[in-house]
Each structure stands twice: as C-alpha cells, then as structure tokens.
Amino acid sequence: NAAIRVLMMPRDTNHHGTIFGGVILSYIDQAGAVGAIRQGCRKVVTVAMDQVVFHQPVQVGDLVSFYADVIRVGRTSIEVLVTVEATRRSDGQVVPVTKAEVTYVNIDQSGKPISIPS
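The structure contained in this document is the topic of the report that follows. (Residues numbered from 1 in each chain as written. Predicted model: local features only at pLDDT ≥ 70, side-chain atom pairs only at ≥ 80, totals over all residues. Heavy atoms only, no water.)

Let's talk about the nonpolar core
In terms of nonpolar packing, the biggest core is built from 29 residues, with Met8, Ile28, Phe66 and Val82 touching the most fellow members. Looking at this core, the elements with two or more residues in it are β1 (4-7), α1 (21-38), β3 (63-73), β4 (77-87) and β5 (94-106). Here this core gets seven residues from one element, more than from any other, and that element is α1. Here Val82 is in contact with Ile28, Ala31, Gly32, Phe66, Tyr67, Thr98, Lys99, Ala100 and Val102, once residues within four sequence places are set aside. (Core = buried A, V, L, I, M, F, W, Y, C linked by side-chain atoms within 4.5 Å. Buried < 20%, exposed > 50% of the residue type's maximum accessible area, 1.4 Å probe, protein only. Helix = DSSP H or I, 4+ residues; strand = E, 2+ residues; numbered from the N terminus. Contact = heavy atoms within 4.5 Å.)

Dropping the structure here:
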C-alpha cells in the first residue's frame, strides 16, 4: 500500500505546465521516511538518493502514489525503495513515473546515529 498519495496542484508546476521534478523528489524523500518509520525508526535523516529518471511527466490534477518498500536494514541505516506512479485525472490511466533508492540514518534527539530496532 502507498506510503503517501498526493493530488498535484497548479502551484507545483514548471513553465511547461507539468509538475516540477523537485516537488516529486521531496515527496519521494517523505515517502521513504514513512517506510523507515514503519520499520521502527523514530527519527531519520536522509543520507543519499540514487539516480532518479522520470519516465512520464506528472500533470496538474494527477493523483500521485508513492510506495515505500524497505530493501535493506543495517545497524543504523536503512534503504527504502520508493516507487512512484500517477493516476491521470482525465482517464484514470495509471502510469509509472519514477523510482529511487533512498538511504536514511536512524538518529537520536542529539542527531547521533543509533541502532535500528529489530
């Protein structure tokens, strides 16, 4: 099931009338953090995001789903695969948008890495 779903609004568009890639990247980061929290992390910071290739543009009015699947759990770090798809408002078609592997570190209140609960 989806970590988050977002209805894309006009404020997030670029000069081509499609959604800024940076907006999608921000939601990828949030969805991945949701996946890490579901795994038992309390507070995470983003360390890395692998290459992101956009296969389809996202349009205003699309309902965009971000799916988060944990792919690796280390002692203090966790990798989450975030898959993104858009449901077109015009015809209900679901199109693949992009995916990314995001690495987070579980931290305590002072910002120091701590073990991920098993």
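A closer look at the packing of aromatic side chains
Counted by the stated rule, this structure contains one aromatic pair. Taking 5.7 Å as the distance between ring centres and 45 degrees as the angle between the ring planes, the aromatic pair formed by Tyr27 and Phe66 counts as tilted. Of this pair, Tyr27 sits in helix α1 while Phe66 is found in strand β3, placing the two residues 39 residues apart along the sequence. For the pair Tyr27 and Phe66, a shared accessibility class is recorded, and that class is buried. (Phe/Tyr/Trp six-rings, centres within 6.5 Å; stacked < 30°, edge-to-face > 60°.)

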